[in-house]
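Next come the chains, spelled out residue by residue.
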Amino acid sequence: MKVTILGSGAYGIALALMFNKNNCDITIWERFEDKAKDIIKHRENKQVLPGVKIPDNIKITTDLEDSIVGSELIVIAIPAGFVDEVTLKIKDIVSKEQHICIASKGIEQDTCLFVDDVVRKYIKSKKIAVISGPSFAVDIAKYVPIGLTIASKCKKTIKVVKKGLENDTLKLRETDDMIGTEICGSIKNVMAIASGMLDGMGLPESTQAMFITESLHDIKELIKALGGDGKTVLSFAGFGDLLLTCTSTKSRNFTFGKIIGEKRPKNEIDNYIANTTIEGLYTLKSIHKLIKNKKVDIPIVDLVYDIVFNNEDPEELKKFLIKKQ
């Protein structure tokens with residue numbers, strides 16, 4: 001199977017290793033020429049996944065059209081904020097026979113569209129799937145057991161993705177609830193910021209567990225309010241990913257929240273933002289706007305937004321958890 005992976009970041013490379021285990025013909029597209037040359041030279045992305053070697057049989061290119069033509073499966077593994085731009089560029093290249101798998105997570109800020117909605121805006125296809133779940137790229141690259149949710153309305157697309165990705169270390173559980181899966185994959189990054197704040201304030205695992213439990217209830221209500229299946233909150237994409245990102249310093253979102261909870265100097269926080277991809281920060285603005293537009297009451301999102309953007313005291317989180325209905 002020929003597979004195109006759009007994005008040479010940590011997750012794109014990790015997925016490439018999984019496809020490689022199944023002897024797929026893989027091409028990774030990188031936007032910038034100098035970065036592509038560096039990855040080709042060293043056979044690794046030293047910036048985001050140091051020490052993880054990319055096999056020589058995996059092609060790296062900056063030619064978008066060449067990377068896509070002839071592929072059976074196109075995997076989108078770029079930050080959510082760039083999906084619109086890239087999808088617009090490939091809309092006339094992608095054929096109706098090709099399948100698309102979205103590994104990007106988030107909600108577009110201006111439109112409040114989920115990633116699959118952004119893709120469908122330009123590519124009129126039913127052959128679109130979303131994968132999401134508890135999986136740091138570095139762990140996938142270590143070939144340890146990993147479980148992901150795959151969501152699609154198209155059974156053929158699920159079959160194609162599973163054929164390429166599933167192996168003796170990676171399991172995919174399927175669902176047709178794309179809305180619920182995307183909500184889980186997006187909002188967990190916001191929750192991880194809040195969880196990091198609690199850790200930064202020195203609060204123990206007992207409080208973390210309380211917060212995660214409360215978060216599950218809120219996520220379930222948001223899924224139902226937006227037309228998804230509430231049970232999705234118990235999937236790999238839901239509870240699994242929430243548990244991982246809300247408890248690990250490997251999560252950039254958790255780490256960001258932690259330095260806020262520790263009340264580090266503003267210049268240190270700004271420096272972290274400037275030098276780190278924090279998907280939850282991008283998503284926080286989007287989901288805050290989305291719940292206002294949809295008139296859904298998710299107070300934890302409002303509070304985290306106020307702490308991050310309006311200088312509210314992180315200590316308010318402790319009061320919130322006790323008072324929350």
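Here the structure is shown first, and the text comes after it.
Definitions and limits used
- Residues numbered from 1 in each chain as written.
- Predicted model: local features only at pLDDT ≥ 70, side-chain atom pairs only at ≥ 80, totals over all residues.
- Heavy atoms only, no water.
- Axes fitted to C-alpha atoms, helices over the stretch in contact; angles between N-to-C directions.
- Helix = DSSP H or I, 4+ residues; strand = E, 2+ residues; numbered from the N terminus.
- Parallel < 35°, antiparallel > 145°, perpendicular 65-115°, else oblique.
- Left-handed = near helix turned anticlockwise from the far one by under 90°.
- Contact = heavy atoms within 4.5 Å.
- Nonpolar A, V, L, I, M, F, W, Y, C, P; charged D, E, K, R; others polar.
- Salt bridge = Lys/Arg side-chain N within 4 Å of Asp/Glu carboxyl O.
- Buried < 20%, exposed > 50% of the residue type's maximum accessible area, 1.4 Å probe, protein only.

Q: Explanation requested: the packing of helix 8 (residues 178-200) against helix 9 (residues 205-225) in the structure shown.
A: In a pair of packed helices, the angle between the axes and the distance between the axes together describe the arrangement. As a packed pair, helix 8 and helix 9 sit with axes 10 Å apart at the nearest point and diverge in direction by 155°. When the axis of helix 8 is compared with that of helix 9, the two are roughly antiparallel. Like other packed secondary-structure pairs, helix 8 and helix 9 cross with a definite hand, here right-handed. The segment helix 8 lies against helix 9, with G180, I183, C184, I187, M191, A194, S195, L198 and D199 engaging T207, Q208, F211, S215, I219, L222 and I223. Its residues placed into classes, the contact of helix 8 with helix 9 shows ten nonpolar, five polar and one charged.

Q: What's the story with the pattern of salt bridges in this structure? I'm lost.
A: Oppositely charged side chains can pair when the atoms bearing their charge come close. Following the criterion strictly, the structure yields 26 salt bridges and no others. Taking the shortest distance from any N to any O, the salt bridge between D199 and K258 comes out at 2.6 Å. One end of the pair, D199, is in helix 8; the other, K258, is in helix 11 (residues 252-261), and 59 residues separate them in sequence. Residue K266 is joined to D270 by a salt bridge in which the shortest nitrogen-to-oxygen separation is 2.7 Å. Here D270 and K266 lie together in helix 12 (residues 266-275), a separation of four residues that amounts to about one turn. What makes K266 exposed here is its relative accessible area of 61%. The exposure class assigned to D270 is partly exposed, which follows from its relative accessible area of 35%. Ionic contacts of the salt-bridge type, sharing partners, join the residues D199, K258, E262, R264 and E268 into one network.

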